[in-house]
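Examination of the molecular architecture
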Amino acid sequence: MEIRPYDEADEAAVAALWREVFPDAPAWNHPETDIQRKLAVQREAFLVAIRDAKLVGTAMGGYDGHRGWVYYVVVSPHHRRQGIGTALMRDVEARLAQIGCPKINLQVRATNDEVVCFYEKLGYRVEERISMGKRLEGFGGK
């Protein structure tokens with residue numbers, strides 16, 4: 001297996017994987033739009049996993065100078081439990097640490113116990129916080 005930075009030629013495969021894994025994603029989580037937004041900021045922290053010449057996983061990291069964040073850690077359902085998700089996380093963690101990131105935060109749906117267990121095995125802990133969000137599109141956001 002190879003983990004490498006995203007390349008523009010990966011767009012269709014990444015978008016298809018995200019749609020497969022997140023079939024109930026809200027309309028504003030448009031894969032092609034999210035990909036283009038990420039390419040404009042810290043594109044080197046957008047990783048893909050390749051096995052047998054097929055894209056089988058992704059991870060999207062970023063660092064704002066205070067905390068790191070990781071999104072879209074995705075592994076194809078046919079390639080799970082083979083260490084791909086762990087390898088993607090370790091790679092993105094190393095990349096963020098290399099640029100001075102002291103801590104990574106991430107979000108998991110409260111009902112997704114399997115993914116919570118995955119992150120706990122990697123050393124992440126549930127923190128008593130409230131996650132809040134605000135859509136900026138329509139207010140000068142892109």
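Shown above is the structure to which this text applies.
So, here's what we can say about the structure. (Residues numbered from 1 in each chain as written. Predicted model: local features only at pLDDT ≥ 70, side-chain atom pairs only at ≥ 80, totals over all residues. Heavy atoms only, no water.)

1. Description of the nonpolar core
In terms of nonpolar packing, the biggest core is built from 18 residues, with Val 70, Leu 88 and Met 89 touching the most fellow members. Of all the secondary structure elements, the ones that give two or more residues to this core are strand E2 (46-51), strand E3 (54-63), strand E4 (68-75) and helix H3 (84-98). A total of 5 residues in this core trace back to one element, the largest contributor, which is H3. Those residues within four positions of Met 89 in sequence are excluded, and the remaining contacts are Val 70, Val 73, Leu 106, Phe 118, Tyr 119, Leu 122 and Tyr 124. Counting 14 residues, the second-largest nonpolar core is a separate cluster that includes Trp 18, Ile 50, Leu 55 and Val 74. (Core = buried A, V, L, I, M, F, W, Y, C linked by side-chain atoms within 4.5 Å. Buried < 20%, exposed > 50% of the residue type's maximum accessible area, 1.4 Å probe, protein only. Helix = DSSP H or I, 4+ residues; strand = E, 2+ residues; numbered from the N terminus. Contact = heavy atoms within 4.5 Å.)

2. Things to note about the sheet that holds E4
By definition, the strands of a sheet pair up through backbone hydrogen bonds, in either a parallel or an antiparallel sense. On the basis of which strands lie adjacent, the open sheet formed by 5 strands has the order E1-E2-E3-E4-E5 and mixed pairing. At either end of the open sheet lies a strand with only one pairing partner, and these are strand E1 (2-5) and strand E5 (104-106). Across the sheet, the mean angle from the axis of one strand to that of its neighbour is 30°, orientation sign disregarded. Two elements, E4 and E5, share 3 bridges in a ladder whose sense is parallel. Looking across to E5, one finds that Val 70 is bridged to Leu 106. (Pairing = 2+ DSSP bridges. Axes fitted to C-alpha atoms, helices over the stretch in contact; angles between N-to-C directions.)

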